[in-house]
Amino acid sequence: MIELEHVSKTFPGQDVAAVGDLTFTIPEGESVVLVGPSGCGKTTTLKMINRLIEPTGGTITVAGRDVAQMEAHELRRGIGYVIQQIGLFPHRTIRDNIATVPKLLGWEKKRIQARVLELTDLVDLSEDMLTRYPSELSGGQRQRVGVARALAADPPVLLMDEPFGAVDPIVRTRLQDELVSLQARLNKTIVLVTHDIDEAIKLGDRVALLNIGGVLEQYAPPEELLRDPANAFVADFLGTDRGIKRLSLVPISQINLDPGPVLPRSAPVAEAREMMRRYQIDWAVVGGDGRIEGWFTENDIAGHDTLDRVHLLPFQTKLAATDSLQQALDAVISSHTAVAAVFDGERYLGMVTSEEISREIIE
Amino acid sequence: MIGLAQTQAQGVFRWDWIGRNIDAIWDRTVEHVVLTVVAVSVGLVISTVLSLIIVRYRKTYTPITWTTGILYTIPSLAALAFLVPITGLSHLTAEIVLVSYTLLILIRNIVAGIDGVPQDVLEAARGMGYTRRRRFIEIELPLALPVIVAGIRIAAVTVIGLVTVTSLIGLGGYGFFILRGLSLFYSPIGTTQILVGTALSVLLAVVVDVSLALTERALTPWARRKAPA
Ligand SMILES: Nc1ncnc2c1ncn2[C@@H]1O[C@H](COP(=O)(O)OP(=O)(O)OP(=O)(O)O)[C@@H](O)[C@H]1O
Ligand SMILES: [Mg+2]
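Just so it is clear, the model here is predicted, and its values are computed rather than measured.

Turning next to the site of ligand 1. All names here are of chain A. Neighbouring ligand 1 are F11, Q14, A18, S38, G39, C40, G41, K42, T43, T44, E162 and H195. In the environment of ligand 1, an oxygen atom lies 2.5 Å from a nitrogen or oxygen atom belonging to the side chain of T44. Computed on the free molecule, ligand 1 has an accessible area of 630 Å², of which 60% lies beneath the protein chains in the complex. Counted by class, the shell around ligand 1 contains three nonpolar, seven polar and two charged residues.

Have a look at this one:
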């Protein structure tokens, strides 16, 4: 746990504070993303935690200990640190780069060796890269080495300043996904700085939205931030599409599902026509009792008495109740029927419709 | 024609002189090398100390480079003439003069080398928990090495040339032959000595420069390998 209490920083020779009076708590094992416009004090706040910048006021505690009372280098060896420019040591091999902090801590050779291999695996690098120098890696690979180096001594806390800012969008997305899965396994207390709100939403258990002067405008889980912005600044920063952004954070199980135009096999064709009229569509589904078999169109039933022998089409997209509304929207938009079937395992739960999704966006 | 030229060349350059003076040549080689090595080593120690002061206290950069700059511009002959009454016809006199010429070059390169260490690398090192001292020794110094060695190469080559001047106080390495050659009024034997002294001095400079360059290559394998694109 990291606690900031009335923390402030005024740089020498400046009359406005870079960070005015900041108080918030980062819970153990959670990832908190600091986000906000350029110059709002994100980096300053982050660097005050590992004392690369000394605060001019207030106190910061990490795991209950006041950082100001600790030796700066001791403190830093217990905190992983990743920066945008990565800052790998160009004169050291990848192996030695990763081993930096364990060496500083005086670990035994064998233990360091084993740890390096473990981390190489963890961040998905290949072992033959270990003997290379940083200049011999791609940007994305270097960033992975940067993360591995920060994690080397297994610090409980990880500070990251725009860690994916310098790589291209495709690599960035992949590294973000990797961080999410890494965090799911490691449960570090992570403080990450970005100015990209989408990255904040994706990576943060909580998002701290800062304004110029280090003013904390809102501190909330991403979903709450998007659903209920505290003020106009927050709403403005999130953008007009915040409703759509939120879809990726809300599971389908949160909204009402339509039972759907479902009929048993034995149903007469007239009943199917009635159902289609009611739904104002030209198709219906055969199923019942938590199962569905497939769907058919109005044309398919011409000449039949019941649905018994009607040719059924399989559902292309099956959604799980745990999938996000964004995935549901994707499925609905790209499906022939403008709805998507939702399942809990094999059990049919109902249909998600574009009406329900847009109701959720507007809310 | 060719025969004539050869006769003339043989007349001017006395190969037999080399054979008769091989011991003296060896002694002067040792002297030349020792004067150079001592001068560059002492220069390096002094420059390192002064550079550390500069890196720590930036304001000292101008006064230090200004002072060593003046030392650099004093004609070596004048410096010798000035020192002999104080320190005599000694090795000390020679070394003071030689060392004073290395300082400006070495300090400029050491400071430039340390300044050239990328900011992000330094920040990462600090963030990882390096103490100031360890960071300097393990990160800054190795990264500054190519620029520092470049300075040592220039300093060494400069000193090797300058050593000949100290022949005026009875030292001089190969300069001894040049001085004696001059005193023989360009007689064949005199010319031979001037040519041998000059050629060996140049050869020594080249050998030292190349060896330092190779040493640097061996010490900085990381600087050679390049990205696979
Ligand atoms: N070393 C410094 N000396 C003086 N002022 C500084 C220093 N570092 C930062 N500042 C100022 O403090 C304010 C906050 O800077 P900070 O680097 O924390 O911003 P940031 O939120 O990280 O911005 P960005 O998104 O552009 O990285 C800025 O106005 C900046 O100019
Ligand atoms: Mg910043």
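For sheets, the rule is that strands pair by backbone hydrogen bonds, running either parallel or antiparallel. All names here are of chain A. Spatially, four strands are ordered β2-β1-β4-β5 in an open sheet, and the strand pairing comes out antiparallel. Each edge of the open sheet is held by one strand with a lone partner, namely β2 (19-26) and β5 (65-66). By the bridge criterion, five bridges tie strand β1 (residues 2-9) to strand β4 (residues 57-62) in an arrangement that is antiparallel. Note on β4: the bridge partner recorded for E5 is T59. Packing of helix α1 (residues 42-49) onto the sheet brings it into contact with β1, β2 and β4, and relative to β1 it is tilted by some 120 degrees.

For the rest of this paragraph, the subject is empty space enclosed by the protein. With a probe scaled to a water molecule rolled over the atoms, the places where space remains empty come into view. Using the criterion set out here, one finds two cavities of 30 Å³ or more in the structure. In this structure, the largest cavity encloses a volume near 40 Å³. Forming the walls of the largest cavity are 13 residues, and the residues nearest its centre are R77, I79, G80, V101 and A150 of chain A. When residues of the lining of the largest cavity are traced back to their parent elements, those giving at least two are α2 (72-77), β6 (79-83) and α6 (139-151) of chain A together with α7 (119-128) of chain B. When residues of the lining of the largest cavity are assigned to their parent elements, the largest contribution, three residues, is made by β6 of chain A. Among the residues making up the lining of the largest cavity, the classes are represented as eight nonpolar, two polar and three charged. Computed from the structure, the second largest cavity encloses a volume of approximately 40 Å³. As for the second largest cavity, its lining consists of Y81, V82, I83, I86, G146 and R149 of chain A together with A124 of chain B.

What counts and what doesn't
- Residues numbered from 1 in each chain as written.
- Chains lettered and ligands numbered in written order.
- Predicted model: local features only at pLDDT ≥ 70, side-chain atom pairs only at ≥ 80, totals over all residues.
- Heavy atoms only, no water.
- Near = heavy atom within 4 Å.
- Polar contact = N/O pair within 3.5 Å; in protein donor to acceptor, adjacent residues only side chain to side chain.
- Areas by Shrake-Rupley, 256 points an atom, 1.4 Å probe, with all protein chains shown as cover.
- Nonpolar A, V, L, I, M, F, W, Y, C, P; charged D, E, K, R; others polar.
- Pairing = 2+ DSSP bridges.
- Helix = DSSP H or I, 4+ residues; strand = E, 2+ residues; numbered from the N terminus.
- Contact = heavy atoms within 4.5 Å.
- Axes fitted to C-alpha atoms, helices over the stretch in contact; angles between N-to-C directions.
- 1 Å grid on protein atoms, 1.4 Å probe; cavity = no way out; pocket = protein on both sides within 12 Å on 5 of 7 lines; lining within 4 Å.
- Points joined across faces, edges and corners; volume = space filled by probe spheres on them.

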